[in-house]
Amino acid sequence: MEEKLFTNERETRQAIQAAADQANKVRLPNFINWKCVDDYIMVQNLIPAQLCKSLIRESSLPGIKWSKHSWYNYGSDHFSSVPEKELDVVNSSPEQFKSMGKYLEKALLNYQKKYSTLLKEKMLNQNPLPSKKQFTSWIRHISQVRFNRYHVGTKMRTHCDHIQSLFDGKLKGIPIISIVGLLNDNYGGGAFMCRDKKINLIRGDILLFPSNFMYPHEVKEITKGIRYSFVSWAF
Ligand SMILES: [Fe+2]
């Protein structure tokens, strides 16, 4: 009886150890190819120069109320900021959002198509075949566009876009894809860094990347002029 118990315990321990070893193999690979992570950062030059200019002009009108950007802390449930380093933010008007809509949609469609093609090749062996929709429609919504204005001395500190309070007034969600647009490029400093790499951007560019913990990003301090950009999230 005792021997049987011992055998069972030993077998149990061995089974637990084997499962743990297997789990470690899967969960803790010795090597991660971070270069592949960079493959999911995409830049497309889509916004016409004229639209960039008019968005800057409109957002600079006297009646437009910019406010200081601040950071929300989920742990302590409060907002914080260092005002002298923070950029200014203002939400787009419905008309502005409409004028940018087709470019944002195109950027997102291209993004989904690019990465879904690879998925499609993988899924073609499935029986039954997945529907066409499954390849291209995993993005359902785009949040309201927010303009960002950076004066000299301001920056956006390193963060990830895993926003847990995204709410557009009707729908709640977490962002899947971050969308960043650049409206001008005649400023100094202000480099956009993603995963510690500089992403070269020019006026009219739309930059897309996954909004998760693997894509920390920042905007370096502005040294000359004013930097205008916008941000939105697909969810
Ligand atoms: Fe961000």
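These numbers were taken from a predicted model, which means no experiment stands behind them.

Moving on, we get to unusual backbone geometry. Unlike most non-glycine residues, Arg195 shows phi in positive territory, near 55°. Here Arg195 is to be found in the loop between β12 (192-194) and β13 (197-199). A positive phi angle, near 65°, is found at Asp196, a position not held by glycine. Here Asp196 is to be found in the loop between β12 and β13. On the basis of neighbour counts, which here come to 9 C-beta atoms within 10 Å, the residue Asp196 falls in the exposed class.

Quick look at the nonpolar core now. Core analysis: the biggest nonpolar cluster contains 23 residues, and Ala107, Leu108, Ile177, Ile179, Leu183, Ile206 and Leu208 have the highest contact counts within it. For this core, the leading source of residues is helix α4 (residues 94-123), giving 5 residues.

On to the sheet that holds strand β15 (residues 217-219), then. Read from one edge to the other, the open sheet built from 4 strands follows the order β7-β15-β12-β13, with strand pairing classed as antiparallel. Of all the strands in the sheet, the pair left with one neighbour each is β7 (156-159) and β13. Along the sheet, successive strands turn relative to each other by an average axial angle of 25°, direction set aside. Relative to β15, β7 runs antiparallel, the two sharing 2 bridges. Within β15, the position partnered with Met156 by the bridge is Val219.

Taken residue by residue, a regular strand's side chains alternate between the two faces of the sheet. Taken across its 6 residues, strand β10 (residues 177-182) has 6 buried, putting it largely inside the fold. A two-sided burial pattern is seen for β10, the buried positions comprising Ile177, Ile179 and Gly181 on one face and Ser178, Val180 and Leu182 on the other. Looking at chain direction, β10 and strand β14 (residues 205-210) are connected through 5 bridges and run antiparallel. Bridge pairing links Ser178 to Phe209 in β14. Pairing analysis gives 6 bridges linking β10 to strand β17 (residues 227-234), with the strands arranged antiparallel. Paired with Gly181 across the two strands is Phe230, which belongs to β17.

What counts and what doesn't
- Residues numbered from 1 in each chain as written.
- Predicted model: local features only at pLDDT ≥ 70, side-chain atom pairs only at ≥ 80, totals over all residues.
- Helix = DSSP H or I, 4+ residues; strand = E, 2+ residues; numbered from the N terminus.
- Buried ≥ 20, exposed ≤ 12 C-beta atoms within 10 Å, placed from the backbone.
- Core = buried A, V, L, I, M, F, W, Y, C linked by C-beta atoms within 7 Å.
- Pairing = 2+ DSSP bridges.
- Axes fitted to C-alpha atoms, helices over the stretch in contact; angles between N-to-C directions.

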